[in-house]
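The primary structure of each chain is shown beneath.
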Amino acid sequence: MPDPRPIPPSRADIETAAGRRSFERGLDYFETERVASLEPAGDGVRAIVVGQSAYEVTVSRRDDGLRGDCTCPVGSDAAFCKHCVAAALAWIDGAWGVSESRRDGHAGIEAYVRALPHERLVKYVLTLAIEDDRVRKDLECRAEAAATAESAAQPDVKRQKRALSRAIRPNGFVDYHEAHEYTRGVERAIDSIDTVLAAGAAGAAVELAEHALTLCEEAIGSMDDSSGEMGSILRRLEALHHSACVAARPDPAALARRLHDWRLRTGYDVFHHFPLQYADVLGPAGLAVAESLLREAWERLPALRPGADSRERWGERYKLQSGMEEFATLSGDTDRLVAVMQKDLSVPYNFTRIADVLRRAGRTADAIAWCERCRTELENERHDPRLIELLAALYAESGRAEDGLGLLWRAFDEKPGAAEYGRFREHATAAKAWPAWRDRAIARLERQVRERCRKDGSPRAGERHWDASSARDTLVRALLGEGRRDAAWRVAHEGECGEGIWTELAASRESDDPAGAIEAWGRVLAPLLAHASPSTYLRAAQLVARVRGLHARASGADAAAQYVAGVREACKRRSRFLKELDAALRR
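A brief report on the enclosed structure follows. (Residues numbered from 1 in each chain as written. Predicted model: local features only at pLDDT ≥ 70, side-chain atom pairs only at ≥ 80, totals over all residues. Heavy atoms only, no water.)

Structural notes on the packing of helix H19 (residues 401-414) against helix H21 (residues 434-453)
Consideration 1: Interaxial distance between H19 and H21 falls to 11 Å at its minimum, and their mutual angle equals 15°. What the angle tells us is that H19 and H21 run roughly parallel. The two elements H19 and H21 meet at a crossing, and its hand is right-handed. Across from Leu405, Trp409, Phe412 and Asp413 in H19, the residues of H21 making contact are Trp437, Arg440, Ala441, Arg444, Leu445 and Arg447.
Consideration 2: For the contact of H19 with H21, a count of residues per class yields six nonpolar, no polar and four charged. (Axes fitted to C-alpha atoms, helices over the stretch in contact; angles between N-to-C directions. Helix = DSSP H or I, 4+ residues; strand = E, 2+ residues; numbered from the N terminus. Parallel < 35°, antiparallel > 145°, perpendicular 65-115°, else oblique. Left-handed = near helix turned anticlockwise from the far one by under 90°. Contact = heavy atoms within 4.5 Å. Nonpolar A, V, L, I, M, F, W, Y, C, P; charged D, E, K, R; others polar.)

Overview of the pattern of salt bridges
As a working rule, side chains carrying opposite charge can pair if their charged atoms are close by.
Consideration 1: Here the structure, examined in full by the defined rule, presents 41 salt bridges.
Consideration 2: Across the salt bridge formed by Asp413 and Arg447, the nearest N and O atoms sit 3.6 Å from each other. With Asp413 in helix H19 and Arg447 in helix H21, this residue pair connects regions lying 34 residues apart in the sequence.
Consideration 3: With relative accessibility at 29%, the residue Asp413 sits in the partly exposed group.
Consideration 4: The class for Arg447 is partly exposed, based on a relative accessible area of 34%.
Consideration 5: Between Arg509 and Asp513 there is a salt bridge; the shortest N-O distance is 2.7 Å.
Consideration 6: A cluster of three or more residues bridged by salt bridges with shared partners is formed by Glu187, Asp191, Asp194 and Arg236. (Salt bridge = Lys/Arg side-chain N within 4 Å of Asp/Glu carboxyl O. Buried < 20%, exposed > 50% of the residue type's maximum accessible area, 1.4 Å probe, protein only.)

Details of the nonpolar core
Consideration 1: Formed by 135 residues in total, the largest nonpolar core has its most connected members in Ile168, Leu237, Tyr278 and Phe577.
Consideration 2: Sorting elements by how many residues they give to this core places helix H9 (residues 202-220) first, with eleven residues.
Consideration 3: Setting aside residues no more than four positions away along its own chain, Phe577 makes contact with Leu529, Tyr537, Ala540, Ala541, Val567 and Cys571.
Consideration 4: Formed by 29 residues, the second largest nonpolar core is a distinct cluster that contains Ile14, Tyr55, Val59 and Ala88. (Core = buried A, V, L, I, M, F, W, Y, C linked by side-chain atoms within 4.5 Å.)

Re the environment of Phe23
Consideration 1: Inspection of the secondary structure assignment puts Phe23 in helix H2 (residues 20-31).
Consideration 2: Judged by its relative accessible area of 6%, Phe23 is buried.
Consideration 3: In sequence terms Phe23 and His83 are 60 residues apart; their C-alpha atoms lie 9.4 Å from each other.
Consideration 4: Once residues within four sequence positions are removed from consideration, Phe23 is found in contact with Arg11, Ile14, Glu15, Ala18, Val85 and Leu89.

Here's the deal with the state of the cysteines
Consideration 1: If you walk through the whole model with that rule in mind, you get zero disulfides.
Consideration 2: Here Cys84 is not cross-linked by a disulfide; its sulfur's nearest cysteine counterpart is in Cys81, at 3.7 Å.
Consideration 3: On the basis of relative accessibility, which here comes to 0%, the residue Cys84 falls in the buried class.
Consideration 4: Take Cys374: it sits in no disulfide, and the sulfur closest to it among the cysteines is that of Cys371, at 7.5 Å.
Consideration 5: On the basis of relative accessible area, Cys374 is assigned to the buried category, the value being 0%. (Disulfide = S-S within 2.5 Å.)

Quick word on the environment of Asp356
Consideration 1: The residue Asp356 is located in helix H16 (residues 348-360) in this model.
Consideration 2: In this structure Asp356 comes out as partly exposed when scored by relative accessible area, which is 27%.
Consideration 3: Residues Asp356 and Leu391, 35 residues apart in the sequence, show an inter-C-alpha distance of 9.6 Å.

Section: unusual backbone geometry
Consideration 1: For Arg249, which is not glycine, the phi dihedral falls at a positive 55°.
Consideration 2: A positive phi angle, close to 60°, is found at Asp269, a residue other than glycine.

Below, the structure is given as structure tokens:
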């Protein structure tokens, strides 16, 4: 029976998707057993990874590599975060199901604590507070929050602020390895503000949330927050502050001034979108004050014309510009929004954004005019792919599909990469023109392979270059996408290809060419078996089991047995791999 669990990626695939820094942090999460559960999900896995919270993670394969989704703030922005890395490494390791040690350990601790006499438990907690500074600070915050909650009419905010300061201010520099424990302590301190708000002291909660935000912004300068955990704490505090404002209903004008000043001085995007976030609290009067303050500063900014130094776009200018765009968006007036946006025309993307706004308003001709203006006024950067794709789509919508295809072809011809090929093919297919362009597009990819292979004077020398291998990968995928399997096979054998290409070629031949599939899988397996490590054992074992089945189909049971025996002999010193192999062969 075939193994229903998806074949895992390689460590190289994961590092490519995540980048070196996220990969290292995810590896640390994996090695410290933060992956609490793992189960198959389609062509990938679903997992729970425990960080400062329990995050839901999915990792899956796509044509262009691995795709990760995570409920953490970093992962929600479509980044392959450290939690995705940890889940992918657990996939390689085969850590399916719920962690037994985590499940059994929690159950045992809970039973023990429930059985303790009350006085003994109190003594134990107090002893922990004396011995562990983090526990003491956490309990101080909770005690002050409880006292504030009991006297909601006259809360002692000063005492609670002091407790938050002791808990949040770092004691010296917090390095990367200490950062997780430190931020967990900050999270526990912030829990005390939730307690105050839940008790009905909303005004106190507003003041405490702002105090905690100030402390956290200061703390980031004294720590290695490259994992981004303090960033998610800032977002949590913003949400808590908004909830407290909804309940407390502070003076709208005073709140607007406070949030406006904070947005301009912060280095961490705190209250960056406050007009949209706080519209329900500020109301018309507060929003009017906020817009007046913003407009006064924004109108002093000089306009950035096409080709201006784009570095001028950042810092306070960016905050003022984006704020004015938010107010224009709230008004629902397209012309007002375009008028604000065109104050910065330094880069092609800003022309694209204006054209997109006009397109969504149904003003296709105006949108085309903005795209064409960009290509005239920013000639050196006229090939921005987002602008080209939008303009091609606008041409198609206005009955000029041929012009759009010409535009996309020129972009592809100048840079025949996988993304450019995909865009051109998609638009040509939609225009029912792909059959007329197909051979020309494939020929351009073939020419690119030849050009890159000649870099060092001979095809074989050129083939060692990543550029040549990447170009060949693009061509092979294009041929496979067109159903030209034999041509793809021939091109792949003419030089080096990536592991992913051989995986696709192998899968494409399994049904009717088991011998070819065996050869292709062999190219994937060779480096796995030559450099096997615990993180690659499961994947290698599953592939060996898959190839054994192909040997049986191609040459019979004896050939399959002989193949497995050869693998066992080559890996006889790797007992853990052989264990994984036995399990894979039984499935």
